[in-house]
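Each chain is listed here by its residues.
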Amino acid sequence: MEDGTQQLGHCVVDMKELSANPEGLTAAGVMLTPKLPKVEFSLTCKDLVSSGRDRKPNALVQVAVVDPHKQHLVTQTCTEIVEANKDPLFLTGVTFPSEYPASPETLVKLTVYDAKDKSQESSNFLGSATFSVSDLLRAKDERLTLSLRSSDGVCTAGTVVVSRLKMGEMEEVDVDHITTDIQSQKCPMVCESASHHATIDRENNPLTGPVFKNPVCKVYRFQTVDSKWMLVREQMEECTLSFSIPKQLLSLYIQEDMRRLQDLRELGELSPHWDNLRKEVMTRYGGIVSSYQETLAELDKITGRSFKPSCCKAQKSLEFIPINLHTQRMRVTCPRKTDASYDIITVGAPAAHFQGFKCGGLQRLLSRYEADKKSFSTAYQCIYYSPQHTAKAQEVLSTMSLLQPHISSLADQLLKASQEHSSSGLRDSLKNLSDKTEQFVHTLKDELVKSALLALHAARPGYVSKNQKQTPLQGGQHQGHIQQSSDQNQSPVQGLPGHSPATPATESTVVCNNVEPLQTTTAGEGGTLPAKQDSIPHHKEYDEEEWDREWANVAKCLNCVIAMVDKLLDEDNNKQEPVPEQHLADVITSHNPGDWREQLRPLVTRLKECVAEVVEKAKKAMSFVLLQEAACSIPQGFLLQQRRDVVFSQALAALACGFVMRLYAGMQDKGFLRQLHLVGLVAQFESLLSTYSEEIGMLEDMEVGISDLQRVTFQITEAKTDDLSDLQPSVCGRRDHFTVEVPLPRLVFQTLPEEIKEGKPLRVFPVLFNVGINEQQTIAERFGDISLQERINQKNFEMLEAYYKSLSEKVPLECLPCFQTQTDIKELLETLGQNVVTKKRKNVEILWIAGTICRRLNGIRFTSCKSAKDRTSMSVTLEQCALLRDEHQLSKDFFIRALDCMRREGCRIENVQKNIRCRKYAFNMLQLMAFPKCYRPPEGTYGKVDS
C-alpha cells in the first residue's frame, strides 16, 4: 500500500488519560471504571473517483490519530473493503475507549484507498481528510462531511461522512444499500482499539490490575432479528501467571527433590548393593535439580514479558511456560436487555515440545514404562512397587509432614489452656488434638509402612537370611531375585516367603547382598549388631509386630491425655462437693490438683515423643520405597518425571489464569460462590489436535497434564497489603498435591461466604474433549487410528456426568446462570453422550455441546490447538457468533458477516500478529478443503507463514 501504509497495525492511542475522577476508585489493583462517554464514529464515502476509468473503486479507509503535541501518527486501523462501489457505506467504525479517551484537540486523519485485492497488500491512494474530535462533537447532529483531497492537494476525490455512533441509534441511511451478498464485505460495525497501559473497561469486573495486562479491544455492532443493533466488545489480554506460576513450580520442584536427596542421605547405613543404588539415584536427582535451577535462572532474567509466542514453543529455557496463553472476553450490550459477558482462555496444548514426540507422549510413555518396570526391578534387584504403592508412599510422607507439626502445635495449645484453667479451651484443644492424632494413626496403619520397614531392616549391613545361614554363597554370587506377588492389591512383600498366606512356611528363596529383605529370622540365629545403631534395628531378629506396637503407642498416649483431661474437668466440677478423707490424701500425694499444666505436661511430652519416633521410622520406610521405585526407574523414570513436570506446569498456569478470571467475574454472584465452596468448578478443555503424527504425542501429553490438575486445589486468602505484588496468586505443595492461593483485597475478601474466608479448599474438575479438524485428522480417520480421541472423549464425558450429578445433589439449580436456550442440562448431557459414541468424522458437535454445558454449569472454558493461534481462532470466533445467535438473536443475515468480521479484524488476528509478526492464519487452500466449513477463515486472511 502506498504512503507507508503497507502494514496496518492495531490501534494504540498514546494520549494522556483524563484527570482523576472522584467517582472512580483505583487502589490495591481494584479499578472501578468511571462512567465516561465514548467517542465512536462510522464512515461513509460519496462520489469516489476511481483510479481506473472503467471500474468502480474497491474502497477502504485507513484511520490514523495525530498526537497534537508530538505531531505524528500514533495509531493505525482501517475499515473493511467495499467492492465496486463509489458510494460505500463502511460497517467498520472507530472507537476511543474510556481508558484512553480522545481529547477535543485530538486530530484524526482519514485516508481512502482503492484496494486491488482482498489482502489489502496493494492499493492506490484516492484522497485524505483531517478533522478534530471537537469538530465532530460541535457539528450538527454530530456529523461531519469532509472533502477528500487528492495527492496534489487540489482535486477533490469525493467526500467522506463521519457520524458519531450512539448505542441504540443508527444514522439515517438506506439499510438496503448495505448489501449482504458481496463476498468482499468484511464485517459489520467494527470499532477497534488497544492499549498497552490502561485497564480494559470491565464494569461488571472491578478486579483487573494484578493478573491481566496488555489488553486489546475490538467493538462491533450487529443487527438483531428485530432490526435492533447490539454492541459487541471483544477483549483479549495477557496473563502474568504465564510466567509466575511456572517459576514458582520450578522452585517447589527443586525444594522437593532436594528434600528427597536429604531423605536418602538420612536412610543410614545400607548394604553395598543398596548403597550403590542410592548413589546412582542421588546423582539423577542432583541432575534434575541442577537443570531446574538453570531454567529458573534463565526465566528470572526475563522481565516485562507475560506470554510465550508460538514460535518459541520448542525453546528449552521456556519449556515450562504455556504457549500463547491469553484470556478473551466477549461482552454484549443490547437495547433494553441486561449486559452479558462470555469468557474463554486460549492456550497452546500443554506438551513437551522441546523433548519432542518421536516416541509418543506421556500417556503412551507411562503405560509402556509401567509395563517394563517389573523387568527393571529384576535387573536392579529391587522390589517392584506399583504406581498405587509409590503414590501411597508419597501420600504418607506428605501427610506426616503436615500432621506432625500440627499435632505438636495442638498439644502446646492444650497445655496453654490447662495453664489458664480454661475448661472450654481444654475441651476444644483436646478435640482438635484427638482428631489430628487419630488421622495420624490411621495413616500409619497402612500395611505398606510395615512391609517397607521390614524391607529396610533387611537392607542393613549384617543382615543374613535363613537360607544364607543354611546355604552359604561363594563370593557373593546372586542365586535368585525377589518373587513378585500376583495380587496387585497386596503389599509388595506379601507374595514373598514368610509373608504370603499362599506360600508355605518352609519355602524359601536364596538371596545375597541383602537383596531379599523379607525373610523374618528366628531368635538364636547368628549375626552381630553393627557398630552404628539407629531407630530401625540392624539385627536380623526384627519383630514383625514391633511396628504395630509403636503406632499403637501413639494412640495409647492420646488415651492417657484424654483420661487426664477428663479427670481434671471432673475434679473441677466436683471441687465444691465434699471429698472422702482417704481419697483426698491419695490425690494430694499423687499431684497438685490445682496445677493442670504440671499434671498434663508429662503425658503431652510423651505423646509428642511417640509421634516423633514413629515419624522418623515411617519417613525412612517410605523413603526406602521411593528409593526402590527410583532405582527401577533409571533412566526412563527420571526423564518421564521431567516431561510430566513440564506439561503440568503449562496446564497449571492456564488453569490458574482461568480460575482467577472466573473468580473475578463472579465476585457478586452469590449462587456461583455457593457452588464454588460446596462442589467446585468444572474446567472444560477443548482440544482441536489431530490424532496423526506428532499431534498424537501432544494429545497424549495434554491428556496426562489435564488429568494431573485433579491434584490441585485453590484457596482464597486476604491480601497482606493493597499493593499489586501482594495480589499475585501463589503456589505451595509438592508433586502429589498443590494448592494455589488467590489473595483478594481486604474489602473484597470480606464479602465472601464464611466457608471461603475460613480457607476451605476449592476444587476444580478438569475435563478434556478433543476433535481433530485439519487435513491430518482426515488421514487419521480414513487410514489411521482415532481410538485415543474416542477413549478421551468417553472417559471425560463420564467425569462431566459425575460432576453434574454431584452438583445437582448439593446446589440448587437456581444458583446456575440463566440462558435464553431452555434446553435442560440433563438433556444436553444425553445428547453429548450419544455424540461421543457415534462414529462420525470430525464430529465437532461434541465440542459445541461440551462448551454449552460448561457455560451452563458456571464452568471455566479453555480452547487449545498446537499453538492456540489458528485453529483456536476459528473455534473461538465461531463460539462467540453462536452465542450471539442463540442468546442475543443475531440476525441470520449477519451471522456469516459477523464471523468473517471477527476473523478479519477481531482480537484473534491481533493474536496472530503478536505471535508471528504477520496478519495471516497459517492455513493453505488444500488444508482448508479438509476443514469443516464453519472453521474456514475468510479469503485473504490466510497463507503460508512461519508459525
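Each value, and the rule that gives it
- Residues numbered from 1 in each chain as written.
- Predicted model: local features only at pLDDT ≥ 70, side-chain atom pairs only at ≥ 80, totals over all residues.
- Heavy atoms only, no water.
- Helix = DSSP H or I, 4+ residues; strand = E, 2+ residues; numbered from the N terminus.
- Buried < 20%, exposed > 50% of the residue type's maximum accessible area, 1.4 Å probe, protein only.
- Contact = heavy atoms within 4.5 Å.
- Areas by Shrake-Rupley, 256 points an atom, 1.4 Å probe, with all protein chains shown as cover.
- Pairing = 2+ DSSP bridges.
- Core = buried A, V, L, I, M, F, W, Y, C linked by side-chain atoms within 4.5 Å.
- Salt bridge = Lys/Arg side-chain N within 4 Å of Asp/Glu carboxyl O.
- Axes fitted to C-alpha atoms, helices over the stretch in contact; angles between N-to-C directions.
- Parallel < 35°, antiparallel > 145°, perpendicular 65-115°, else oblique.
- Nonpolar A, V, L, I, M, F, W, Y, C, P; charged D, E, K, R; others polar.
- Expected span 1.5 Å × (residues − 1).
- Phe/Tyr/Trp six-rings, centres within 6.5 Å; stacked < 30°, edge-to-face > 60°.
- Lys NZ or Arg CZ within 6 Å of the ring centre and 35° of its normal.
- Disulfide = S-S within 2.5 Å.
- pLDDT = per-residue confidence, 0-100.
- Patch = residues over 30% accessible without salt bridge, like charges linked within 9 Å, V, L, I, M, F, W, Y side chains within 5 Å.
- Left-handed = near helix turned anticlockwise from the far one by under 90°.
- Polar contact = N/O pair within 3.5 Å; in protein donor to acceptor, adjacent residues only side chain to side chain.

Trainee: Summarise the overall build of the chain; cite the residues concerned and give the values.
Mentor: When its secondary structure is counted, the chain shows 24 helices and 21 strands. The burial tally for the chain puts 56% of its 947 residues in the buried class. Long-range contacts, defined as pairs at least 24 residues apart, comprise 76% of the intrachain contacts of the chain with a sequence gap of at least 6. Just so you have it, the chain exposes about 40,200 Å², and 50% of that area is on carbon and sulfur atoms.

Trainee: Account for the pairing of strand β16 (residues 681-687), with residues named and values stated.
Mentor: The element β16 is extensively covered by neighbouring structure, given that seven of its seven residues are classed as buried. A two-sided burial pattern is seen for β16, the buried positions comprising L681, A683, F685 and S687 on one face and V682, Q684 and E686 on the other. Here β16 pairs with strand β20 (residues 762-770) via seven bridges, running parallel. Counted as the bridge partner of S687 is N770 from β20.

Trainee: Residue-level account of the nonpolar core, with values.
Mentor: Ranked by internal contacts, the top residues of the largest apolar core, which has 147 residues, are F440, M622, F659, F714 and I716. Here this core gets 18 residues from one element, more than from any other, and that element is helix α11 (residues 596-633). For F440, the residues in contact, after removing those within four places along its chain, are M400, L403, I407, V554, V611, V614 and V615.

Trainee: Summarise the pattern of salt bridges; cite the residues concerned and give the values.
Mentor: Within this structure, the stated rule accounts for 42 salt bridges. In this structure, E686 engages R861 in a salt bridge whose closest nitrogen and oxygen atoms are separated by 3.2 Å. Taken as a pair, E686 in strand β16 and R861 in strand β21 (residues 860-864) lie far apart in primary sequence, 175 residues in all. Overlapping salt bridges bring together E256, D257, D645 and R735 as one network.

Trainee: Explain the packing of helix α7 (residues 447-458) against α11 residue by residue, including any values.
Mentor: Put simply, α7 and α11 touch, their axes get as near as 8 Å, and they point 80° apart. By the angle class used here, α7 and α11 are roughly perpendicular. In contact with L448, V449, A452, L453, A455 and L456 of α7, α11 contributes K617, A618, K620, A621, M622, F624 and V625. Class assignment of the residues belonging to the contact of α7 with α11 gives a composition of eleven nonpolar, no polar and two charged.

Trainee: Lay out helix α18 (residues 787-810) with the relevant residues and their values.
Mentor: Over its 24 residues, α18 runs 35 Å from end to end, which matches the ideal 34 Å to within 8%, given 1.5 Å per residue. Within α18, the full set of buried residues consists of L788, Q789, I792, N793, N796, F797, L800, Y803, Y804 and L807.

Trainee: So what about the packing of aromatic side chains? Which residues, and what values?
Mentor: Under the definition given, this model contains 16 aromatic pairs. Taken together, a centroid distance of 6.3 Å and an interplanar angle of 75° make the contact between Y253 and F738 edge-to-face. Separated by 485 residues along the polypeptide, Y253 in helix α2 (residues 241-265) and F738 in strand β19 (residues 737-744) bring together distant segments of the chain. Owing to a relative accessible area of 1%, Y253 belongs among the buried residues under this scheme. Ring geometry for Y285 and F638: centres 5.1 Å apart, planes at 80°, overall edge-to-face. Of this pair, Y285 sits in helix α3 (residues 272-300) while F638 sits in helix α12 (residues 636-665), placing them 353 residues apart in sequence. Using a relative accessible area of 9% as the deciding quantity, one classes Y285 as buried. Under the relative-accessibility criterion, F638 is labelled buried at 7%. Taken together, the aromatic side chains of Y253, Y292, F320, F648 and F738 make up a single cluster linked through ring pairs. When the ring centre of F672 is taken as reference, the NZ or CZ atom of R662 above it lies at 4.2 Å.

Trainee: So what's going on with the side chain of T390? Which residues, and what values?
Mentor: Tracing the backbone through its elements, the reader meets T390 in helix α5 (residues 387-419). Aside from chain neighbours lying at most four places away, what touches T390 is Y385, L626 and E629.

Trainee: For α12, give the residues involved together with the corresponding values.
Mentor: With 30 residues, α12 should reach 44 Å at 1.5 Å per residue; the first-to-last C-alpha distance of 44 Å fits that figure. Judged by how many residues are buried, α12 sits mostly within the fold: 25 of 30 residues are covered.

Trainee: Outline the environment of L768, supporting the account with residue identities and numerical values.
Mentor: Relative to the elements of secondary structure, L768 occurs in strand β20. Residue L768 is classed as buried on the basis of its relative accessible area of 1%. Apart from residues lying up to four places away in sequence, L768 is in contact with F685, S687, L699, M702, E703, I706, I792, N793 and N796.

Trainee: Residues and numbers for unusual backbone geometry, please.
Mentor: The residue H421 is not glycine, and still its phi comes out positive at about 55°. Position of H421 among the secondary structure elements: in the loop between α5 and α6 (423-444). A positive phi is found at S693, a non-glycine position, where the angle reads about 60°. With relative accessibility at 47%, the residue S693 sits in the partly exposed group.

Trainee: Help me get a handle on the state of the cysteines, residues and values and all.
Mentor: Per the counting criterion, the structure on display carries zero disulfides. The thiol sulfur of C239 is not disulfide-bonded, and the nearest other cysteine sulfur, from C657, lies at 3.5 Å. With a relative accessible area of 0%, C239 lands in the buried category.

Trainee: How would you explain the confidence of the model for the chain if you had to name every residue and give the values?
Mentor: Residues at a pLDDT of 70 or more form 77% of the chain, whose mean pLDDT is 80. Within the model, the stretch residues 584-593 combines pLDDT values under 50 with nine contacts to residues more than four positions away or in other chains.

Trainee: Just give me the short version of a nonpolar patch on the surface, but keep the residues and values in it.
Mentor: On the surface, Y692, I779 and F783 cluster together to form a nonpolar patch covering roughly 320 Å² of accessible area. Tracing the backbone through its elements, the reader meets I779 in helix α17 (residues 775-783).

Trainee: Lay out the pairing of strand β3 (residues 39-46) in plain terms, naming residues and giving numbers.
Mentor: Of all eight residues making up β3, seven are buried, and the element is well covered by its neighbours. Here β3 runs beside strand β10 (residues 156-164); their pairing, made up of six bridges, is antiparallel. Pairing of T44 across the sheet is with V161, part of β10.

Trainee: Please give an account of the packing of helix α9 (residues 546-573) against α11 that cites residues and values.
Mentor: At their nearest, the axes of α9 and α11 sit 9 Å apart, and the two run at 160° to each other. Considered as vectors, α9 and α11 are oriented roughly antiparallel to each other. Seen from above, α9 lies across α11 with left-handed handedness.

Trainee: Any details on the side chain of Q328? Residues and values, ideally.
Mentor: In this fold, Q328 is placed in strand β14 (residues 326-333). In this structure the side chain of Q328 is engaged in a polar contact, spanning 3.0 Å, whose partner is the side chain of Q880. There is a polar contact of 2.9 Å between the side chain of Q328 and the side chain of R908. When residues no more than four places from it in sequence are discounted, the contact partners of Q328 are E234, Q235, M236, Y342, D343, I344, M661, V876, Q880, C907 and R908.

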